[in-house]
Amino acid sequence: MATEDTIKIRELQRNPEQIRNIAICAHIDHGKTTFSDNLLAGAGMMSENLAGKACVLDFHEDEAERGITIDSASVSMVHNLDGQDYLINLIDTPGHVDFGGDVTRAMRAVDGAIVLTCASEGIMPQTETVLRQALKERVKPILFINKVDRLIREVKLTPEEMQKKFIKIINDVNRLISQIAEEGYKDKWQVSVNEGSVAFGSAFHNWALSIPYMKKKGISFKEIIDAYEAGGENYKVLAKKAPIHEVILNMVVRNHPNPKVAQEYRIPRIWHGDPDSEMGKDLKSCNVDGKVAFVPIKIVIDPHAGEVAAGRLFSGKIKQGDELYMNITKKKVRAQQVSIYKGAKRVQLDEVVAGNIVGIVGLKDVVVGETISIEPMEPFDAINHLFEPVVTKSITAKRTADLPKLIEILRQVGKEDPSLRIEINEETGESLISGMGELHLEIIENRIKSEKHLEIEMGPPIIVYRESVAKASEPAEGRSPNKHNSFFIKVEPLEEKISQAIVDGVLPTGRMKKKDKTLDQTIVNLGIAREEAQQYRDIFQGNVFLDKTKGEVHIGEVIELVLDSFEEVMKAGPMAREPCLKLKVSLMDLKLHEDAIHRGPAQVYPAIRESIRAAFAKASPAIFEPVQIHQIEAPTEFMGAVTSLVSQKRGNLIDVEQEAAMITIKGELPVSEMIGWTSDLRSTTEGRGVSSLVNQTFKKLPTDLQAKVIRQIRDRKGLAENQ
């Protein structure tokens, strides 16, 4: 029997003007899950007594055990503002940096973000990271300052001091927005108390305030302070006077765009097809009757239904039984079930329409970030994660008989968490799993053991390095095995501006389709000569390939083979088969045999590999190691101990700040020295120091370590001299 809520959700999902798709993003432990529980409870989607304790969105045992959200879950609720119902689709995202990939993926599906910060701690490194991810996808931020009760009860600030604290946090957020956002959004998206895009309150005590709400209900901030100062449980009246869900969801409806408005400016950022085509127009207008375009951002394994692909339907409608096309894997599949979310449960419908976050069952072998349509279309931009996996462990099943099960589970885990990189070796039985850090891999290991019930053994952590060059090489010749074809290739470091534009998603990765004028212009705007901009053929894993040949008749027939080999070498470089970084590879000239039979894959692949390798050797090759910048906080008396710990780990201090009895140190540390970092920091600071990742880059490994590290990697991979 359909409840009243379910009927409302069914009706509302058909009207994009009444939908808001939002995500909550914040630093770890700033109270996100408690906050989303309270929104759900207020919207009648769970019992109020459980709110803040149930952590409804934490499904996995390890989430409940560790008290952190690991999987982001989608939840839908109905909210009434001024007599009008709205459907609010919320994606709860994790704050821990090891699960930052989930945040990036969530941002693809939403149009608005609630940035949640702690009133006493203010903006933290992770808050900055998630805000960066939101703005990169053109997702509009609003601000909620949480844990205000602590300022009143624990820190005992006066109203004036509290106001100063709030102003500082708001200014910090606005400064970040003007630094990170693109032109045109820097000022437009500033958050403001007077305009109602800032609220403050306590998720734990279930109240919140914003200026519009205070005016509407005649509440003053003094009432809040009085309620806490009266002692006992007097603060409970606040949850009745200014319930958090009402204040926040009012703010969402008023300040966040509906899908029709948002897609108008978001689509040009995340989809690079022809804006004037029928598909382009459907996408920009979120056309319910248009062509289907759906992007899954999460694959959830449901014990009853199998794989559910949850994601955003950007245009068109999908019915149960529809035949769909997956553009990346180029496969046809059939939608077996379509559903939307009510609370955290899926409600099956006959059809789902554009503008919603929906779940679809039946998309066999679908991957996150795939573009799903009825007929082939230009796929959406790949979802680029801010950080790449840099720690790898080998994983084997304890019993040989469990090998097939392990392979199946690894494929599932890779789908559930696409920020993992998994290499399955069915012959040796040893597979490799790469993640963001030790904690990431530790949690995956526990999940395989406890939820998938498989006994496994994990090897010691292996660090993934990168290969690059320091200067431009001369063109080097590579000849095909039959000696009938020659390729001349030059290798040099990639310009920093181009490299940054790839990281920021300004330059889309992939092979260039037919001449893309807008792409040429983007490259020219980055300071590259127009002639060179027109020579770009492929952007792959942060490296680029240029075709500088002139008037070669047969190049069109071999260019795809050339790009295949270029990508192969970029995945496993010449020195130690580690991935390449920031390389610009240019094909300067080529000599091809007249007869096509003599220039097939068996001739082209080895020639290109040989040519890139020879050029690489002439360009001062070097190994680059992953380096992380961490922000470490500890009581002042541990300053000496923390700084010496950083230098023991080959780290550098970037910045040291002292405020009251706490110090904040920013340090740059090589990942290879960070194994066991958390426990070392705990023992150095008697358990009172915390560290969080701010950024990750690659830096050249010190010269005296180069040869040793190359030898270690080659030995580990069992590479012979000439391999």
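Criteria and cut-off values
Residues numbered from 1 in each chain as written. Predicted model: local features only at pLDDT ≥ 70, side-chain atom pairs only at ≥ 80, totals over all residues. Heavy atoms only, no water. Helix = DSSP H or I, 4+ residues; strand = E, 2+ residues; numbered from the N terminus. Rg over C-alpha atoms; globule rule 2.2 N^0.38 Å. Buried < 20%, exposed > 50% of the residue type's maximum accessible area, 1.4 Å probe, protein only. Contact = heavy atoms within 4.5 Å. Areas by Shrake-Rupley, 256 points an atom, 1.4 Å probe, with all protein chains shown as cover. Arc of directions from axis to C-beta. Phe/Tyr/Trp six-rings, centres within 6.5 Å; stacked < 30°, edge-to-face > 60°. Salt bridge = Lys/Arg side-chain N within 4 Å of Asp/Glu carboxyl O. Pairing = 2+ DSSP bridges. Axes fitted to C-alpha atoms, helices over the stretch in contact; angles between N-to-C directions. Parallel < 35°, antiparallel > 145°, perpendicular 65-115°, else oblique. Left-handed = near helix turned anticlockwise from the far one by under 90°. Nonpolar A, V, L, I, M, F, W, Y, C, P; charged D, E, K, R; others polar. Expected span 1.5 Å × (residues − 1). pLDDT = per-residue confidence, 0-100. Polar contact = N/O pair within 3.5 Å; in protein donor to acceptor, adjacent residues only side chain to side chain. Core = buried A, V, L, I, M, F, W, Y, C linked by side-chain atoms within 4.5 Å.

Enquirer: Before we move on, could you go through the overall build of the protein chain and cite the residues and values that matter?
Expert: When helices and strands are counted, the protein chain shows 23 helices and 33 strands. Over its C-alpha trace the protein chain gives a radius of gyration of 27 Å, about what one expects of a compact globule, namely 27 Å for 723 residues. Its C-alpha atoms put the protein chain at 90 × 65 × 60 Å along the principal axes. Taken over 723 residues, the protein chain has a buried fraction of 56%. Contacts in the protein chain between residues at least 24 apart in sequence constitute 73% of all its contacts with a sequence separation of at least 6. Taken as a whole, the protein chain presents about 30700 Å² of accessible surface, with 49% of it coming from carbon and sulfur.

Enquirer: Can you explain helix H17 (residues 517–525)? Please cite residues and give values.
Expert: Residues of H17 that are buried: Leu519, Asp520 and Ile523. The buried residues of H17 all sit within an arc of 105° when viewed along its axis, so they share a single face. Every exposed residue of H17 that faces more than 90 degrees away from the buried side is listed here: Lys517, Thr518 and Asn525. Turning to H17, the residues buried within the fold contact helix H16 (496–503), helix H18 (530–533) and strand S27 (536–540). Just past H17, the residue Gly527 takes up positive phi, approximately 95°.

Enquirer: An account of the packing of aromatic side chains is needed here, citing residue identities and associated values.
Expert: Under the definition given, this model contains 10 aromatic pairs. Ring centres 6.4 Å apart and planes at 55° place the aromatic pair Trp207 and Tyr228 in the tilted group. Here the residue Trp207 occupies a position in strand S7 (residues 207–209), and Tyr228 occupies one in helix H9 (residues 221–229), the gap between them amounting to 21 residues. A single burial state applies to Trp207 and to Tyr228, both of which are buried. Among the aromatic residues, ring-to-ring pairing joins Phe166, Phe200 and Phe221 into one connected group.

Enquirer: So what's going on with the pattern of salt bridges? Which residues, and what values?
Expert: Enumeration according to the criterion identifies 46 salt bridges in this entry. Of the charged contacts in the structure, one is a salt bridge between Asp402 and Arg399, with a shortest N-O distance of 3.0 Å. What you see here is one network of salt bridges that share partners, running through Arg108, Asp111, Glu137, Arg266 and Arg312.

Enquirer: Explain the pairing of strand S20 (residues 431–435) to me, using residue names and the numbers behind them.
Expert: Within a regular strand, side chains alternate between the sheet's two faces. For S20, the tally of buried residues reaches four of five residues, placing the bulk of the element in the interior. Taken together, the five bridges between strand S18 (residues 391–397) and S20 define a ladder with antiparallel strand orientation. Counted as the bridge partner of Ser394 is Leu432 from S20. Pairing between strand S19 (residues 421–423) and S20: three bridges, direction antiparallel. Each bridged residue has a counterpart across the sheet, and for Glu423 the counterpart in S20 is Leu432.

Enquirer: Please set out the packing of helix H21 (residues 639–648) against helix H22 (residues 677–684) residue by residue, giving values where relevant.
Expert: Put simply, H21 and H22 touch, their axes get as near as 10 Å, and they point 150° apart. In terms of their interaxial angle, H21 and H22 are classed as roughly antiparallel. The hand of the H21/H22 crossing is right-handed. Taken together, the residues of H22 that come into contact with H21 (itself represented by Ala641, Val642, Leu645 and Val646) are Trp677, Asp680, Leu681 and Thr684. Here the residues of the contact of H21 with H22 are counted per class, giving six nonpolar, one polar and one charged.

Enquirer: Tell me about helix H7 (residues 159–180), and name the residues and values.
Expert: Counted at 1.5 Å a residue, the expected span for H7 with its 22 residues is 32 Å, and the 32 Å between its end C-alpha atoms agrees. Among the residues of H7, those classed as buried are Met162, Phe166, Ile169, Ile170, Asp172, Val173, Asn174, Leu176, Ile177 and Ile180.

Enquirer: Describe the environment of Ala596, with residues and values.
Expert: One can find Ala596 in the loop between strand S29 (583–591) and helix H20 (601–617). Among the residues examined, Ala596 registers a relative accessible area of 45% and is labelled partly exposed. Residues Ala596 and Val544 lie 52 residues apart in sequence; the distance between their C-alpha atoms is 27 Å.

Enquirer: Could you give an account of the sheet that holds strand S9 (residues 306–315), with specific residues and numbers?
Expert: Spatial ordering of the open sheet is given by S12-S11-S17-S8-S9-S16-S13-S14, a layout of eight strands whose pairing is antiparallel. Of all the strands in the sheet, the pair left with one neighbour each is strand S12 (331–334) and strand S14 (345–349). Sheet contacts for helix H1 (residues 4–12): strand S13 (337–342) and S14; angle to S13, the most-contacted strand, approximately 115°. Against the sheet, helix H13 (residues 278–285) contacts strand S8 (293–302) and S9, and its axis sits at roughly 95° relative to S9.

Enquirer: Account for the sheet that holds S29, naming residues and giving values.
Expert: Pairing within the open sheet is mixed, and its six strands lie in the order S24-S25-S29-S28-S27-S26. Looking at which strands have only one partner, the edges of the open sheet turn out to be strand S24 (476–479) and strand S26 (510–511). Of the strand pairs in this sheet, strand S28 (residues 543–547) and S29 are connected by four bridges, and their pairing is parallel. Among the inter-strand pairings, Leu546 is bridged to a residue of S29, identified as Ser586.

Enquirer: Just give me the short version of the pairing of S27, but keep the residues and values in it.
Expert: Along S27, four of the five residues are buried, which leaves the element largely enclosed by surrounding structure. Pairing analysis gives four bridges linking S27 to S28, with the strands arranged antiparallel. Across the sheet, residue Phe540 finds its bridge partner in S28, namely Asn543. The turn linking S27 back onto S28 is made up of two residues, and Gln541 within it adopts a positive phi angle of 45°.

Enquirer: An account of the confidence of the model for the protein chain is requested, with residue identities and associated values reported.
Expert: Here the protein chain averages 85 in pLDDT, while 91% of its residues score no lower than 70. Here residues 47–72 scores under 50 on pLDDT; set against residues more than four positions off or in separate chains, the count is 72 contacts. Every residue in residues 94–99 scores below 50 in pLDDT, and together they form 26 contacts with partners more than four places removed in sequence or on other chains.

Enquirer: Outline the side chain of Asn21, supporting the account with residue identities and numerical values.
Expert: By the element assignment, Asn21 lies in strand S1 (residues 19–26). The exposure class assigned to Asn21 is buried, which follows from its relative accessible area of 1%. At 2.8 Å, the side chain of Asn21 forms a polar contact with the side chain of Asn89. Contact partners of Asn21, with chain neighbours within four places excluded, come to Asn89, Ala109, Val110, Asp111, Gly112, Pro259, Arg312, Gly355 and Ile357.

Enquirer: With reference to specific residues and values, describe the nonpolar core.
Expert: Formed by 79 residues in total, the largest nonpolar core has its most connected members in Phe35, Phe221 and Ile248. When near neighbours in sequence (up to four residues on either side) are disregarded, Phe221 contacts Val148, Met162, Phe166, Phe200, Leu209 and Met214. Grouped together as the second largest cluster of nonpolar side chains are 59 residues, Leu441, Ile489, Val604 and Leu701 included.

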